[in-house]
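A structural walkthrough
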Amino acid sequence: MIIVMRPQAAETELAAVTALIAALELTAHVSKGAERTIVGVVGAPADKETLLAQFAQLDGVESVVPISRSYKLVSREARRERTVVRLPQGVSFGGETLAICAGPCSVESREQLETTAAAVARAGANVLRGGAFKPRTSPYAFQGLGEEGLKYLREAADRNGLAVVTEVLDTRDVELVARYSDLLQIGARNMQNFALLREAGGARKPVLLKRGIAATIEEWLMAAEYVYAAGNHEVVLCERGIRSYDPQTRNLLDLAAVPLVQGLSHLPVIVDPSHGTGIRALVAPMSLAAVAAGADGLIVEVHPNPAAAFSDGPQSLTLPNFAELTARLRVVAAAVGRSLPEPAAAAV
Ligand code: PEP
Ligand code: MN
């Protein structure tokens, strides 16, 4: 149920609404928009009809809307304005300027990260990506540098005016990863790790929630609801392809999910064309298509020497490939009323 307050509702009227919600042992999620405040109510009330009437007659309440969808707080009904998630360095997801996240699949060394960060910043990326905790199919594959990797990420990002996104694999590491990064990535394999979603919901950093390997749109939005309902309203969704029957590509990139999810939810949606295809040659065309389809940003794997990458070399762009891509992306972004970040001046 969503309670829409009148535009001129007083703070005391809002307080009376939240007090009644608490007295009924339900949970209130207050979201203050530019024009009006909306209160999401979650819980399992005994008698919904009586409850709707009870709230509708409170002072300052404009309307009370039942939400029949399984996800509620992240639904469009719960919030008419689009959510804009902001990171340091002026990065925004859901604003006019796109968020362009780029960097290696895995953090491998200080040098690798510094070279990549400097090049992607010059090409117009505004967020540095790189995994320090890697979800690998084989337990014998490179698992990431852990905290050392987080340090390299932070250093390289700070030196080049970038924000940091990196994956957190384990509930026990949320605090540690949040200390070094600006955006906590929850990977496809963990989309339904409910303990991790709840933990990220209590974190003081925004969350990037990737779509699960075989997740429906509804399951994905329900996963976002876990984070949101646990108190973290800064959630960015990432379409990264789903498993299909055809092994020609690593995953089937579902670009229709972008406008679809933007119609169902107020949360920003970005696209990962690297994991979405698994093939370097397909990354640029799918990036251009994602922006044309209205994506709020991209997350792209870039490596100084993909042939020597510890993970995901075949889908990683080279540094010149990435610079060429951002130049082409500027044209497509302008055609759909968006823009790319201005390239950073070369670091000294
Ligand atoms: C990644 O971004 O490095 C990654 C492992 O992605 P996903 O969870 O989408 O497979
Ligand atoms: Mn990868």
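Whatever comes next refers back to the structure up there.
As the structure is a computational prediction, the values presented were derived from the model and not from experiment. (Residues numbered from 1 in each chain as written. Chains lettered and ligands numbered in written order. Predicted model: local features only at pLDDT ≥ 70, side-chain atom pairs only at ≥ 80, totals over all residues. Heavy atoms only, no water.)

**Looking at the site of ligand 1**
Short version of the rule: Summary of the distance rule: residues count as near a molecule or strand when at least one heavy atom falls within 4 Å of that molecule or strand. Within 3.5 Å is the distance limit for a polar contact, defined as a pair of N or O atoms, with the added protein rule that one can donate a hydrogen and the other accept it, and that residues adjacent in sequence qualify only through two side-chain atoms. For accessible areas, the Shrake-Rupley method is used with a probe of radius 1.4 Å. Any residue's cover is judged against the shown protein chains and nothing else. Cavities and pockets are found on a 1 Å grid laid over the protein atoms alone: a cavity is a set of points where a 1.4 Å probe fits but cannot escape, a pocket is an open set with protein on both sides within 12 Å along at least five of seven lines, and a lining residue has an atom within 4 Å of such a point. If over half the atoms of a molecule are within 2 Å of the grid points of a cavity or pocket, the molecule is regarded as sitting in it. Classes in brief: Ala, Val, Leu, Ile, Met, Phe, Trp, Tyr, Cys and Pro nonpolar; Asp, Glu, Lys and Arg charged; the others, Gly included, polar.
Every residue close to ligand 1 is listed here: Arg129, Lys134, Pro135, Glu167, Gln185, Gly187, Ala188, Arg189, Lys210, Arg240, His275 and Glu301. With respect to ligand 1, the backbone of alanine 188 contributes an N or O atom lying 2.8 Å from an oxygen atom. One nitrogen or oxygen atom from the side chain of arginine 189 is found 2.9 Å from an oxygen atom belonging to ligand 1. A total of 300 Å² of accessible area belongs to ligand 1 in isolation, and the protein chains cover 97% of it. Under a 2 Å grid-point criterion requiring more than half of the atoms, the pocket assigned to ligand 1 is the second largest pocket. Of the residues in the shell around ligand 1, the class split is two nonpolar, three polar and seven charged.

**Some details on the sheet that holds strand β1 (residues 2-5)**
Adjacent strands of a sheet pair through backbone hydrogen bonds, lying either parallel or antiparallel. Our working rule: Here, strands pair whenever DSSP counts at least two bridges between them. Put simply, DSSP H or I for four residues or longer makes a helix, DSSP E for two residues or longer makes a strand, and each gets a number counted from the N terminus. What counts as an axis is a line fitted to C-alpha atoms, over the stretch in contact for a helix, and the angles between N-to-C directions run from 0 to 180 degrees.
Across the sheet, four strands lie side by side as β2-β3-β1-β4; this open sheet has antiparallel pairing. At either margin of the open sheet sits one strand with a lone partner, and together these are β2 (27-32) and β4 (61-65). Each adjacent strand pair in this sheet contributes to an overall mean axis angle of 20°, direction not counted. Sheet analysis places β1 next to strand β3 (residues 37-42), joined by three bridges and oriented antiparallel. The partner of isoleucine 3 across the bridge, within β3, is valine 39.

**Here we look at the coordination of the manganese ion (ligand 2)**
The test is simple: Note that water is not among the atoms used; donors are N, O and S atoms within 2.8 Å of the metal (3.2 Å for Na, K and Ca), so sites may look incomplete. Throughout this description, buried means an accessible area under 20% of the type-specific maximum (1.4 Å probe, protein chains only), exposed means over 50%, and partly exposed covers the range between.
Within the first shell, the manganese ion (ligand 2) binds the protein through Cys105 (SG), His275 (NE2), Glu301 (OE) and Asp312 (OD), at distances of 2.0 to 2.4 Å. In the primary sequence, the donor residues of the manganese ion (ligand 2) line up as C-x169-H-x25-E-x10-D. Within this pair, whereas histidine 275 is found in helix α9 (residues 273-277), its partner aspartate 312 is found in the loop between β14 (297-301) and α11 (319-335), the two being separated by 37 residues in sequence. When sorted by exposure, histidine 275 lands in the same class as aspartate 312, which is buried.

**A word on the pattern of salt bridges**
The line we're drawing: Any Lys or Arg side-chain nitrogen found within 4 Å of a carboxyl oxygen on Asp or Glu counts as a salt bridge.
All chains considered together, the criterion is met by 16 salt bridges. Between glutamate 301 and arginine 129 there is a salt bridge, with its nearest N and O atoms 3.4 Å apart. Here glutamate 301 is found in strand β14, whereas its partner arginine 129 is found in strand β8 (residues 127-129), with 172 residues between them in sequence. A relative accessible area of 1% places glutamate 301 in the buried class. Residues arginine 250 and aspartate 312 are paired through a salt bridge, measuring 3.0 Å at the closest nitrogen-oxygen approach. Of this pair, arginine 250 sits in the loop between β12 (235-239) and α8 (257-264) while aspartate 312 is found in the loop between β14 and α11, placing the two residues 62 residues apart along the sequence. Look at arginine 250 and you get partly exposed, because its relative accessible area is 37%. Connected through salt bridges with shared partners, the residues Arg154, Asp158 and Asp182 form a single ionic network.

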